[in-house]
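# Report on the structure
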Amino acid sequence: MLARRLRSKFPPLSRRWQTTASTTAIEPPPAGGHSSSVASSQLFRITRESALRTPGISWQDEESDRNIIGGRETRKMNLYQAVRDALSIALSKDDTAVIFGEDIAFGGVFRCTMGLAEEFGRERVFNTPLTEQGIAGFGIGLASMGHTAIAEIQFADYIFPAFDQLVNEAAKFRYRSGGHFSIGGLTVRTPTMAVGHGGLYHSQSPEGFFMGASGLKVVIPRSPIQCKGLLLSAIRDPNPVIFMEPKILYRSAVEQVPIDDFSLPLSRAEILIPGSDLTLLTWGTPIYHCESALRLLNSPPPSLAPLIPPSLRNAKVELIDLRTILPWDVETVVESVRRTKRLVIVHEAGMTGGVGGEIAAEVGKRAFLRLEAPVRRIAGWDVPAGLQFEKFNMPDAVRILDGIMETLSY
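Residues numbered from 1 in each chain as written. Predicted model: local features only at pLDDT ≥ 70, side-chain atom pairs only at ≥ 80, totals over all residues. Heavy atoms only, no water.

## Brief notes about the sheet that holds strand β6 (residues 186-192)
As a reminder, the rule being used: Pairing between strands is defined by DSSP: at least two bridges between the two strands are required. Think of it this way: any DSSP run of H or I at least four residues long counts as a helix, any run of E at least two long counts as a strand, and we number them from the N terminus. Helix axes are fitted to C-alpha atoms over the stretch in contact, other axes to C-alpha atoms as well, and angles between N-to-C directions run from 0 to 180 degrees. Residues count as neighbours in contact if any of their non-hydrogen atoms are within 4.5 Å of one another.
Pairing in this open sheet of seven strands is mixed, and the strands run β4-β3-β5-β6-β8-β7-β14 from one edge to the other. Across the chains shown, the open sheet's two edge strands, defined by having one partner strand only, are β4 (125-127) and β14 (324-326). Strand-to-strand twist across the sheet, computed as the mean angle between neighbouring axes with direction ignored, equals 20°. Note that strand β7 (residues 217-219) and β14 share two bridges and pair antiparallel. Looking at β14, one finds that V219 is bridged to T324. On the sheet, helix α4 (residues 79-93) packs against β3 (97-101), β4, β5 (148-152), β6 and β8 (241-246) and is oriented at approximately 140° with respect to β3. Across the face of the sheet, helix α6 (residues 132-144) comes into contact with β3, β4, β5 and β6 while running at roughly 170° to β3.

## Considering the sheet that holds strand β11 (residues 270-273)
Taken in spatial order, the five strands make up an open sheet running β11-β13-β12-β15-β16, and their pairing is mixed. The open sheet has two edge strands, β11 and β16 (376-380), and neither has a second partner. Averaged over all pairs of adjacent strands, the angle between strand axes in this sheet comes to 25°, irrespective of strand direction. Note that strand β12 (residues 278-282) and strand β15 (residues 343-350) share three bridges and pair parallel.

## Comments concerning the layout of surface pockets
Heads up, the rule is: Using protein atoms alone on a 1 Å grid, points that fit a 1.4 Å probe yet trap it form a cavity, whereas open point sets bounded by protein on both sides within 12 Å along at least five of seven lines form a pocket; residues with an atom within 4 Å of a point count as lining. Grid points are joined across faces, edges and corners, and a volume is the space filled by probe spheres set on the points. For this scheme, ten residues count as nonpolar: Ala, Val, Leu, Ile, Met, Phe, Trp, Tyr, Cys and Pro. Four count as charged, namely Asp, Glu, Lys and Arg, and the remainder, Gly too, count as polar.
Taken as a whole, the second largest pocket holds about 370 Å³ of empty space. Residue lining of the second largest pocket: 22 residues in total, with Q204, S205, F209, A349 and G350 positioned closest to the centre. Top element by residues in the lining of the second largest pocket is β15. It accounts for three residues. Considered class by class, the residues forming the lining of the second largest pocket number nine nonpolar, ten polar and three charged.

## Focus: a nonpolar patch on the surface
Going by this rule: Residues forming no salt bridge and having over 30% relative accessible area are the ones grouped into patches, like charges within 9 Å of each other and nonpolar side chains (Val, Leu, Ile, Met, Phe, Trp, Tyr) within 5 Å. Only the protein chains shown count as covering a residue, and every accessible area follows the Shrake-Rupley method with a 1.4 Å probe. Put simply, a salt bridge is a Lys or Arg side-chain nitrogen that is within 4 Å of an Asp or Glu carboxyl oxygen.
On the surface, a cluster of nonpolar side chains totalling about 300 Å² of accessible area is made up of Y158, L200 and Y201. Relative to the elements of secondary structure, L200 occurs in the loop between β6 and β7.

## Here we look at empty space enclosed by the protein
Using the criterion set out here, one finds one cavity of 30 Å³ or more in the structure. Of the volumes computed, that of the largest cavity is approximately 30 Å³. As for the largest cavity, its lining consists of G107, G108, V109, F110, R111, C112, E152, R189, P191 and Y250. Looking at the lining of the largest cavity, its residues break down into five nonpolar, two polar and three charged.

## Regarding the packing of aromatic side chains
Note the cut-off: Here the aromatic set is Phe, Tyr and Trp, taking the six-membered ring for Trp, and pairing holds for ring centres within 6.5 Å; pairs whose planes are under 30 degrees apart are stacked, those over 60 apart are edge-to-face, and all others are tilted. Type-normalised accessible area, obtained with a 1.4 Å probe on protein chains alone, sets the label of each residue: buried when under 20%, exposed when over 50%, and partly exposed for intermediate values. Whether a charge sits over a ring comes down to the Lys NZ or Arg CZ being within 6 Å of the ring centre and within 35 degrees of the ring normal.
Taken as a whole and assessed by the stated rule, the structure comprises ten aromatic pairs. Relative to F262, the ring of W59 lies with its centre 5.9 Å away and its plane at 70°, an arrangement referred to as edge-to-face. Of the two residues, W59 sits in strand β1 (residues 58-59) while F262 sits in strand β10 (residues 262-263), which places them 203 residues apart along the sequence. Accessibility classification places W59 together with F262 in one group, the buried group. Note on F155 and Y158: the rings are 6.4 Å apart at their centroids and 85° apart in plane angle, and the pair reads as edge-to-face. A relative accessible area of 9% means that F155 is categorised as buried. Put simply, the rings of F110, F155, Y158 and Y250 pair up and form one aromatic cluster. Positioned above the aromatic ring of W59, the side-chain terminus of R72 is 4.1 Å from the ring centre.

## Quick word on the pattern of salt bridges
Two side chains of opposite charge can pair, provided their charged atoms sit close to one another. One pass over the full model with this rule turns up 24 salt bridges. Residue R72 pairs with D61 through a salt bridge whose shortest N-O separation is 2.6 Å. Taken together, the residues span a long stretch of sequence, with R72 in the loop between β1 and β2 (74-78) and D61 in the loop between β1 and β2 at a distance of eleven residues. Take D61: its relative accessible area is 16%, and that puts it in the buried class. Put simply, D237 and K217 hold a salt bridge, and the shortest N to O gap is 3.1 Å. On the criterion of sequence distance, the pair formed by D237 in the loop between α9 (224-236) and β8 and K217 in strand β7 is long-range, its members being 20 residues apart. Across the pair, exposure class does not vary: D237 and K217 are buried alike. A network of salt bridges, in which partner residues are shared, links R222, E270, D321 and R323.

None of the figures reported here should be taken as evidence of function without further support.
This is the structure:
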């Protein structure tokens, strides 16, 4: 009964827009939409000082006198340049490391391996045939012989031919040998998520398909600093890791990145914006849509102001980047939900079978009596990513804002 009254008081944003637009003269939305661009995000570390103070950063060089921040430098990088920087460090510090995949000797589709073949030799950076199953199988064999195998699947959408090798072989390799053998040196990089016009085969988010593959780790970074630190951690982790890089961030995400060798912890979420009224959990590209949604909630433009109750505009929402999808940081998420008593999960993959369902179930088990609203999932629709309709398939800032408002009003 209470939920019905609240729904009548605060109907969904789309319906409220129709109602308000028909009765009140309001300026139309801006041509570029209400969402700000990724490049304008306040979450990026754009100064040397803030970059060097990234939470959880661990310096890997052996020069103890350079452990102080004053002795380190940063360089402006976008995400693909951060990938290349991490790969260069891995190759230079590990003589067993090799990089392989489709077209990577030429720099790859997104230029992440540009110049590495010339710098380290084509016996260590080389092209493979167009066979994802073969790339994964070759990487497993190479890692089993003690090498550091860094494979690239050109698009995450095409990782499915390698699914058997990754789930049935890589994930189970150590277990089935009783701990005698390992392929912890295997890292599989792959571009993921929507780019705005990728259509059926270049905009999928398949991280959820690996949730049941015990033995694998799945990591998705949000920015250049995160990408470099997490990728170096993935390469050195004693377990096989699937490292998914949001492709739209390759050039749009820019930060000052430390040029030294450093790592960031796997399986640990990061609280980006502290809050007390609601936990907003996501990873990858949707981080920035969530940031835009919070900006709209707290300072709505004139065209949206009539639709957002003043009582909700001062809500303090805690934004968390999950970073590692498998195994995910249960403790940080549950502790946050126990404090805020509400949880909204956002991901680009479809609702059914998505990572959000597993997280919602675990939070429901561990924090059920603390919840004051049902766990809300905002995800891509359960349909293929249509080319011209891709924007409508993704959870954008307005959809996220609507979900936050309904959860706060429950």
